[in-house]
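# Survey of secondary and tertiary structure
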Amino acid sequence: MREAQDTMPLNSYETVIGLEVHVELHTNTKIFCGCQVSFGAPPNSNTCPVCLGHPGVLPVLNRQAVEYAIKAALALNCKVPEWTRFARKNYFYPDLPKAYQISQAEGPIGEHGWIDIEVDGKTKRIGITRLHLEEDAGKLMHVEGGQASLVDFNRVGTPLIEIVSEPDLRSPEEAKAYLEKLKAIMQYCDVSDVRMEQGSLRCDANISLRPYGQTTFGTKTELKNMNSFRHVQKALEYEQLRQADVLDSGGRIVQETRRWDEAKGVTISMRSKEDAHDYRYFPDPDLVRLHIDEEWKARIRATIPELPDARKNRYMEQYGLSSYDAGVLTSSKELADLFEDSLKYTTDAKASANWIMGDLLAYLNANNLEIQDVKVTGQGLGEMLQLIEKGTISNKIAKTVFKAMMETGKAPQQIVEEQGLVQISDEGAIREIVDKVVAANPQSVEDYKNGKEKALGFLVGQVMRETKGKANPALVNQLLLERLKS
Amino acid sequence: MSLFDLRLTDLHNKLAHKELSVSELTEASLKRIAETDETIGAFLTLDEDGARKTAKMLDEQLAAGGERGLLFGLPAGLKDNLVTEGLRTTCASKFLENYIPIYDATVVEKLRAAQAVTIGKLNMDEFAMGSSNENSAYKPVRNPWELSHVPGGSSGGSAAAVSAGQVYFALGSDTGGSIRQPAAYCGVVGLKPTYGLVSRFGLVAFASSLDQIGPITKNVEDAAYVLQTIAGHDPKDSTSANVEIPDYIAALTGDVSGMRFGVPKEYMGAGVDPKVKECVLAALKTLESLGAVWEEVSLPHTEYAVAAYYLLASSEASSNLARFDGVRYGVRAEKPANLMDLYLRSRSEGFGAEVKRRIMLGTYALSSGYYDAYYLKAQKVRTLIKRDFDQVFEKYDLIIGPTTPTPAFKIGERISDPLTMYLNDILTIPVNLAGVPAISIPCGFADGLPVGLQIIGKPFGETDVLRAAHAYESHTDHHTRRPALV
C-alpha cells in the first residue's frame, strides 16, 4: 500500500475530481411553505402540513429563495435561463415525507458557470456544470440499541442550492481551494452562512483516476460524510492512493459510494443490495414554470457586492498589498470589511493587514472560531493603530489590548484606561527606574561595559518588568544607554 | 313534494322566511340517510354531532336576522378525498382508516364560510381510481335507480347521495370523468370546472395536472350556486388560475339562440349504446328548437386519449401516493423486519388492487429507459388532444355529446377486466387532458336507467356551459324524476 508521504506516488495516474456542494440559503422561511427556517429548534416545532407532506397539500415557491439562487448563479458566472422548471426526484426514505424531493432537472436556475482558484501561485478556472434549487429533507436520529429511529422534520423544506462542478479539479489541494473560493463567494453574496460544521454547506466528492493522456474518464467513486474542508482533502488524498493501489495491482475500480471515516482515516464502501437509484424525474405538476426576465436578473445582479477576486486585486493596487496578503484578507467578506473599516481610522494599511493576518487569524484558529464569533471591529483596530502611532501604547501592549477587543468588543481607549495600560513616556519617570535597575544589577552593568551586548537586553527587560511592560521601549533603550555610558 | 326536490334558492327562501329551520333540514337529511344508506352505502363517515352543532349555531344566527349567503344552512356531503380538519378522511382506503386531518381543504373552508352544513364524507373509489365505486376498500355504493347497478365512479357516493336525496348538494372530484360519469349514471348534474378554477389545496392528489373539484347537484342552477362559492384563485395552490370569477347565476338567461354546438363524430360512434345516442339526438333537437345550431365535428386524436390519460394519471399518481408508506397516518404492517419490509408490506396490505395496478403502471412509465417512450410521448399526445379542442372552439361555442357510452352497468360486471372498465371514461377523459370545463346533465333514460348529456366549454367558459345546460333543463323534466327508492 502506498503511503501518503511517498513523493510523487501517482505519477502514472491523473486524478480527476468533481465536487457537489449543497448550500443552505438563509431565507426567513422554507422554500415551499411559511415555516421558519431555524437552527437548533426543538424537534418538529417548525413544521406545517405543507412541509410535512400531508395528503392534499401543495407547494408555493418562496421568492427570496429564488432570488438568492439567481444571485448565487450570477456570482458563479452561470447562465440563468428565461424559464426555469421544477422536477420531482422520487425515492423512499423516512426523512422525506412526500417520498419525493422537489428539485430541478431540466432547465435549472444556473448552468455553464465557472470560478477561478489559485494553487501554488497559479490561477486555474474550474467549470460549474449547474446550480439548482431544491428542498432539504429532515433529520433521522437513531435510537440506541437499533430498535427505532426518530424523525425530526424541522429541516424539511429548507431551501438549498446544489452546485455541481465540472470534473476539472486535478488534486485534493485544488478541491480544497475550490471549496474555499466557493464558500467565500456565497458568503460575500450573503445568501448563506456557509458553515460546514452547522450543515449550511455540505460537500460530496467524485474522484477517478486515469493514465495521463487518456481523454476518457476512469471509473469514479463518490465520497460522502466529510465534515470540513480539511477532511474533504484528506478523504480525497486517501481515495487517490486507494484507487491507485487497486489499479496498480491490476484490479478495477467499483463504481460505488464510499463513506469517509474520520477516526480511521479511510473510506469505506457503502454498497448495499439495492441497485443504483432511478429517481424517475418528471416535471412537478404542482408548480408552474418560472419566468426570469432580464429586468429581474439585472436587479439581482446589482445586489452582488464586489466579489473576492475583484476585491483582492483592488487591495493589491490600492494598498500595495502582496497577492498573498490580499488573498488572505479577502477570503471572507467580514475580514475584508473589518480591514477596510479600520482604514477609516488609520492610514497604515500594512499595519492593519498584519494585525488581522497575525493576531486575529491566529486567535481564530487557536480557538476554532470564525470571524463572526469575535467582537473586535474595524473601528477598534483602526483606533488601536492610532494609539500605537501616537505612542500611547507600545506594540507589545497593543497585543493585550487587541485580545481584549476580540473578547469584549470594547473600544481600545476604554481598555487602555480600564487596565491602566498607557505607555509611560515620561522621561523623568523612566530615568528613576533606570537608576533603580542599574543600581540593583551591578554585574550586568559590568558585563555590558565589558562588551556583552546581551546584558543591555537584560537590563531593558528589567526596566520593562518594573513598569509592567508599560514603559516606552524605545525611550527605555535610549535612556538606559545614556545612563550606562555616563 | 319533499324537501329534497326543492332548489337551493327555494330552500334559502324558506329558511329566510322561517318556514324551515336549519336543524329541520339537517334532521331530514340524517333521517333519509338512516333510512337509505344501509342499502346505498354512500357515506363512509357521518358527522351527526358536528352537523347538529353547526345547525343549532346557524339557527341562532338565523333568528338574529341579517343577510345570509345562498348556501346558508344547507346540508352537504363531501367526497372523502377532501381533507376536513378533525373529521376522518379515508379516500376510501384502508391506508387512511385512522387518518384525522389537521387542516381543511380550501373548498371546505369556503363552504364553511358560506355556512353550509357538512353532514359527512362520501364513499368513492379508493384514491379516486375507478369508474364504478367498486374499488372502495370499505363497501361498494349502489345506484339508487337500480340497486344492482353501479353508481359510477370515482365520486359514486357523492352522486348517489344527491340522487337519493340524502344531501342537498355534494362536492366530488374529477380526474378523467369522476364527477360527470357518476352524475350521468345517477341522473343528477355534475360539473367539472376548468383546470385551475377551483383550488386543489386539500384535495388528496391523484393526478395533479388533471384533478379538479366540482359540484354534484339535482339541477343546473344549484350547480351554478355551488360553483360560485368554491371557484376562485387560491394563493396556496400554485396551479390556481388568477382570473376574475364571473356571475354564474346571471349567466342562466335561458337564451341559447345563435349558439353553435359541435358534436364530435368520435363521440357518437359504434361503441356508444344506440339508446344513449337517441337521448343525445333528442336533446340536440330541443336545443335547436331554442335557437341553437349544431354540426358534426371531429376531434381526431380521441382514440389516443384513454392511453395517454392512463399513462399520465398513473405516473403522477405513483408519485403522489408514495407518501403512504407505513411510517405515518396510522396504518403499518405488523412487526416489520426492517425499513424495506415496512414499506413493502404496509403498501401491499394498505392499498387495493386497482391502486397498486396504477402505481406499478405509473412507476414503469416514469422509469429510466421508458420515460421518453411513455410519459413524454403521452404528454405530446395530450398537446395534440388539446389542439383538437382549440381548433373546434375556433368555430363553435360548445361541444356536445353523451357523457358515457352506456348507462350504469351491473355491479361486478366489469370489475374483473380493468381495460374494459377504463373505456367507460372514453368520452370524459379528453376533457381533463385538455383542461376545459364540462357538465353532465340528465337527458333521458335507457331501460329505466339515466342517460347523461355532456356539454363541454372553452377554458373558463363555464358561463356558456351553464347557460346551455340550464336552457335545455328548463325545457325538459328528466332532472325532476326521482329513483323509486326515494
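### Thoughts on the packing of aromatic side chains
According to the stated counting rule, one finds 26 aromatic pairs over all chains in the structure shown. Ring centres 5.4 Å apart and planes at 55° place the aromatic pair tyrosine 103 of chain B and phenylalanine 201 of chain B in the tilted group. Within this pair, whereas tyrosine 103 of chain B is found in the loop between strand 2 (75-79) and helix 4 (106-113), its partner phenylalanine 201 of chain B is found in the loop between strand 5 (189-192) and strand 6 (212-217), the two being separated by 98 residues in sequence. A relative accessible area of 6% places phenylalanine 201 of chain B in the buried class. A cation sits over an aromatic face here: lysine 399 of chain A above tryptophan 355 of chain A, 5.5 Å from the ring centre. When the ring centre of phenylalanine 445 of chain B is taken as origin, the NZ or CZ atom of arginine 481 of chain B, which lies over that ring, is 3.7 Å away.

### Observations concerning the interface of chain B and chain A
At the junction of the two partners, chain B supplies 37 residues and chain A supplies 31 residues. Considering only the surface of chain B that becomes buried against chain A, Ser238, Arg323 and Arg328 of chain B emerge as the three largest contributors, covering 22% of it. Run the count over chain B and chain A and you get 1 salt bridge. Remark: the boundary between chain B and chain A carries 16 residue pairs in polar contact (both at pLDDT 80 or more). Listed by contribution, the elements that provide at least two residues to the side of chain B that touches chain A are helix 9 (305-320), helix 10 (339-350) and helix 11 (353-366) of chain B. For the side of chain B that touches chain A, the per-class residue count stands at 18 nonpolar, 11 polar and 8 charged.

### Here's the deal with the confidence of the model for chain A
When pLDDT is low, close inspection of the predicted coordinates is not appropriate. In the predicted model, chain A carries a mean pLDDT of 92, and the fraction of residues at 70 or more is 97%. Across residues 5-9 of chain A, where pLDDT falls below 50, the model places 2 contacts with residues more than four positions away in sequence or in other chains.

### With respect to the side chain of threonine 330 of chain A
Residues and elements named next belong to chain A. Topologically, threonine 330 is positioned in the loop between helix 7 (323-329) and helix 8 (333-342). By relative accessible area, threonine 330 is classed as buried at 3%. Within the structure, the side chain of threonine 330 is placed 2.8 Å from the backbone oxygen of alanine 326, a separation counted as a polar contact. If we ignore the near neighbours within four places in the chain, the residues touching threonine 330 are Tyr188, Pro308, Arg311, Lys312, Tyr315 and Ala336.

### Overview of the side chain of asparagine 206 of chain A
By the secondary structure assignment, asparagine 206 of chain A is in strand 10 (residues 201-211). Discounting chain neighbours no more than four positions away, the residues touching asparagine 206 of chain A are Val16, Ile17, Gly18, Glu20, Lys220, Thr221 and Glu222 of chain A.

### Structural notes on the packing of helix 8 of chain A against helix 9 (residues 349-366) of chain A
Residues and elements named next belong to chain A. Packing of helix 8 against helix 9 brings their axes to within 10 Å, and their N-to-C directions diverge by 140°. Taken together, helix 8 and helix 9 sit at an angle that is classed as oblique. By crossing handedness, the relation of helix 8 to helix 9 is classed as right-handed. From helix 8, Leu335, Leu338, Phe339 and Ser342 reach across to helix 9, where they touch Ala349, Ser352, Ala353, Ile356, Leu360 and Leu361. Of the residues belonging to the contact of helix 8 with helix 9, the class tally is 8 nonpolar, 2 polar and no charged.

### Section: helix 10 (residues 378-390) of chain A
Residue and element names in this part refer to chain A. Over its 13 residues, helix 10 runs 18 Å from end to end, which matches the ideal 18 Å to within 8%, given 1.5 Å per residue. Where helix 10 is concerned, the buried positions are Gly378, Gly380, Leu381, Gly382, Met384, Leu385, Leu387 and Ile388. Glycine 391, located one to two residues past helix 10, shows a positive phi value of around 90°.

### A short note on the environment of proline 59 of chain A
Considering the arrangement of structural elements, one finds proline 59 of chain A in the loop between helix 1 (49-52) and helix 2 (63-75). Residue proline 59 of chain A is classed as buried on the basis of its relative accessible area of 7%. Residues proline 59 of chain A and tyrosine 178 of chain A lie 119 residues apart in sequence; the distance between their C-alpha atoms is 34 Å. Non-local contacts of proline 59 of chain A, meaning those with residues more than four positions away in its chain, are made with Phe32, Val50, Ile102, Asp286 and Leu287 of chain A together with Ser238 of chain B.

### As for a nonpolar patch on the surface
Side chains of Met141, Val143 and Leu150 of chain A sit close together on the surface and give an oily, nonpolar patch of about 250 Å² of accessible area. If you trace the backbone, leucine 150 of chain A turns up in strand 8 (residues 149-152).

### Comments concerning the state of the cysteines
For the coordinates displayed, the defined rule picks out 0 disulfides over all chains. Cysteine cysteine 203 of chain A is unpaired, with the sulfur of cysteine 78 of chain A as its nearest cysteine sulfur at 17 Å. No disulfide involves cysteine 91 of chain B; its sulfur sits 19 Å from that of cysteine 48 of chain A, the nearest cysteine.

### Let's talk about helix 6 (residues 308-319) of chain A
All names here are of chain A. For helix 6, built from 12 residues, the straight-helix expectation of 16 Å at 1.5 Å per residue is met to within 8% by its first-to-last C-alpha distance of 16 Å. For helix 6, the full list of buried residues reads Pro308, Arg311, Lys312 and Tyr315. Across the axial projection of helix 6, the buried residues extend over an arc of 100°, all falling on one side. Contacts from the buried residues of helix 6 go to strand 5 (110-119), helix 3 (172-189), helix 7 and helix 8. Taken from the residues just after helix 6, glycine 320 is the one with a positive phi, measuring 65°.

### Some words on the pattern of salt bridges
Residues and elements named next belong to chain A. Inspection of the entire model under this criterion finds 59 salt bridges over all chains. A salt bridge links arginine 431 to glutamate 427, with the nearest nitrogen and oxygen atoms 3.1 Å apart. One end of the pair, arginine 431, and the other, glutamate 427, are both in helix 13 (residues 427-440), 4 residues apart, so they sit about a helical turn from each other. By relative accessible area, which is 36% here, arginine 431 ends up partly exposed.

### Considerations on the sheet that holds strand 14 (residues 282-283) of chain A
Hydrogen bonding along the main chain pairs the strands of a sheet, whether they run parallel or antiparallel. The strand order 4-3-14 (chain A) describes an open sheet built from 3 strands, whose pairing is antiparallel. Of all the strands in the sheet, just strand 4 (100-103) and strand 14 of chain A have a single pairing partner and so form its edges. Where strand 3 (residues 87-90) of chain A meets strand 14 of chain A, 2 bridges bridge the pair, whose relative direction is antiparallel. Note on strand 14 of chain A: the bridge partner recorded for alanine 87 of chain A is proline 283 of chain A. The strands that helix 9 of chain B touches are strand 3, strand 4 and strand 14 of chain A; relative to strand 3 of chain A, the one it contacts most, it runs at about 60°.

Definitions and cut-offs
Residues numbered from 1 in each chain as written. Chains lettered and ligands numbered in written order. Predicted model: local features only at pLDDT ≥ 70, side-chain atom pairs only at ≥ 80, totals over all residues. Heavy atoms only, no water. Phe/Tyr/Trp six-rings, centres within 6.5 Å; stacked < 30°, edge-to-face > 60°. Helix = DSSP H or I, 4+ residues; strand = E, 2+ residues; numbered from the N terminus. Buried < 20%, exposed > 50% of the residue type's maximum accessible area, 1.4 Å probe, protein only. Lys NZ or Arg CZ within 6 Å of the ring centre and 35° of its normal. Contact = heavy atoms within 4.5 Å. Buried area = accessible area lost by both parts, 1.4 Å probe. Salt bridge = Lys/Arg side-chain N within 4 Å of Asp/Glu carboxyl O. Polar contact = N/O pair within 3.5 Å; in protein donor to acceptor, adjacent residues only side chain to side chain. Nonpolar A, V, L, I, M, F, W, Y, C, P; charged D, E, K, R; others polar. pLDDT = per-residue confidence, 0-100. Axes fitted to C-alpha atoms, helices over the stretch in contact; angles between N-to-C directions. Parallel < 35°, antiparallel > 145°, perpendicular 65-115°, else oblique. Left-handed = near helix turned anticlockwise from the far one by under 90°. Expected span 1.5 Å × (residues − 1). Patch = residues over 30% accessible without salt bridge, like charges linked within 9 Å, V, L, I, M, F, W, Y side chains within 5 Å. Areas by Shrake-Rupley, 256 points an atom, 1.4 Å probe, with all protein chains shown as cover. Disulfide = S-S within 2.5 Å. Arc of directions from axis to C-beta. Pairing = 2+ DSSP bridges.

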